[in-house]
Amino acid sequence: MVLSALRRRAGDSLFARVAGPDGPAARARIHETPGPRWFEPGSPVRIVHGDASMFVGGLRALLLQALHPAAMAGVAGHSGYKSDPWGRLARTSTFLAVTAFGTADDAQAAVDRVRAIHERVRGTSPEGVKYRASDPDLLRWVHVAEIDSFVAAHRMVGASPLDAAGYDEYVAQMATVAERLGVVGAPTTTAELAQQIEAYRAELRVSPQARDTIDFLLHQPPVPWTLRLPYRGLTDSAVVSMQPWARAMVRPGAVSPRRDAAARAAGRGVTRLIRWSLAATPDAPRPAVEPTPA
């Protein structure tokens, strides 16, 4: 009884943090509203986005995206990632949930809102870097950094990793969402994804704004001290899943196979704990019982 109550309390707290105060209402709208969906039940997008590996993938994506000066300038100038990190997380997680699990109409409305926001996000960083969130090249970087991160995290700590064909299908399915957001030439296979990530390397560096963001995510997270250890498990596994060159930029220093193995184990342990806690939370997503698309 005590363990069950503790599990429910932990799950409720985690869901409230990730989904925000409107989480229960959003969950009901996303999963219970009848109508056609962009993606079928059991599709790779739903498998990946419904898994706790997204906690690792989301952190990895933020770290990787920060290495692009223009992307980082836009985040620093407009996202409120420091002043309202949980609000930003809730908005991002809701968008991913709506496009993966929601009705086609709601998914398109979410895309339209994001595109309208992108049109307003533009400016110049303190270093003189000009940015425009609707720039197709910048949009593509943000997209490929996200998808590469979600794939890497799911492969490493996902409950049921896909085979190579499954991850190719995931990349192709996410390309359809990216195109609706204005991305041009989104990759449709993991091989194309790797090639596009590599093509951006010459543009990437650790700007002062990037270093500030990396330090915030890795060393000054907006979580209570009681959660610092599991949070460290997520961030360590996110870092070790990165490409060697990106990892060296994010966390310089010698690589230790023993520490890397420990980081992977920690990531698997924390994501298992997240799955366990959310399983007792009624408002958490239940992909297995989603309505069949009309």
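Quantities reported herein were computed from a predicted structural model and do not represent experimental measurements.

Colleague: Which parts of the structure should I look at to understand the environment of Thr92?
Modeller: With respect to the helices and strands, the residue Thr92 is situated in helix α6 (residues 85-101). For Thr92, a relative accessible area of 35% puts it in the partly exposed group. In sequence terms Thr92 and Gly58 are 34 residues apart; their C-alpha atoms lie 9.4 Å from each other.

Colleague: Could you clarify how one ought to interpret the packing of aromatic side chains in this entry?
Modeller: Two measures describe an aromatic ring pair: the distance that separates the ring centres and the angle between the ring planes. Within the structure shown, the criterion is met by one aromatic pair. With a centroid separation of 5.1 Å and an interplanar angle of 55°, the aromatic rings of Trp141 and Tyr200 are classed as tilted. With Trp141 in helix α8 (residues 136-157) and Tyr200 in the loop between α10 (190-199) and α11 (208-219), this residue pair connects regions lying 59 residues apart in the sequence. One exposure class covers both Trp141 and Tyr200, and it is buried. It is Arg155 that lies over the ring of Tyr167; its NZ or CZ is 4.8 Å from the centre. Between Arg180 and the ring centre of Trp38, over which it is positioned, the NZ or CZ distance is 4.0 Å.

Colleague: What's the story with helix α12 (residues 228-240) in this structure? I'm lost.
Modeller: One full turn of an α-helix is made of 3.6 residues, so residues set three or four places apart face in the same direction. With 13 residues, α12 extends 18 Å from end C-alpha to end C-alpha; this agrees with the ideal 18 Å at 1.5 Å per step. Residues of α12 that are buried sit in contact with α4 (53-65), α8, α11, α13 (244-250) and α14 (257-278).

Colleague: Is there a simple way to explain the environment of Ser160 in this structure?
Modeller: Mapping Ser160 onto the fold places it in the loop between α8 and α9 (164-181). Along the sequence, Ser160 and Val48 sit 112 residues apart, while their C-alpha atoms lie 8.9 Å from each other. Setting aside its immediate chain neighbours within four residues, Ser160 contacts Ile47 and His154.

Calculation notes
Residues numbered from 1 in each chain as written. Predicted model: local features only at pLDDT ≥ 70, side-chain atom pairs only at ≥ 80, totals over all residues. Heavy atoms only, no water. Helix = DSSP H or I, 4+ residues; strand = E, 2+ residues; numbered from the N terminus. Buried < 20%, exposed > 50% of the residue type's maximum accessible area, 1.4 Å probe, protein only. Phe/Tyr/Trp six-rings, centres within 6.5 Å; stacked < 30°, edge-to-face > 60°. Lys NZ or Arg CZ within 6 Å of the ring centre and 35° of its normal. Expected span 1.5 Å × (residues − 1). Contact = heavy atoms within 4.5 Å.

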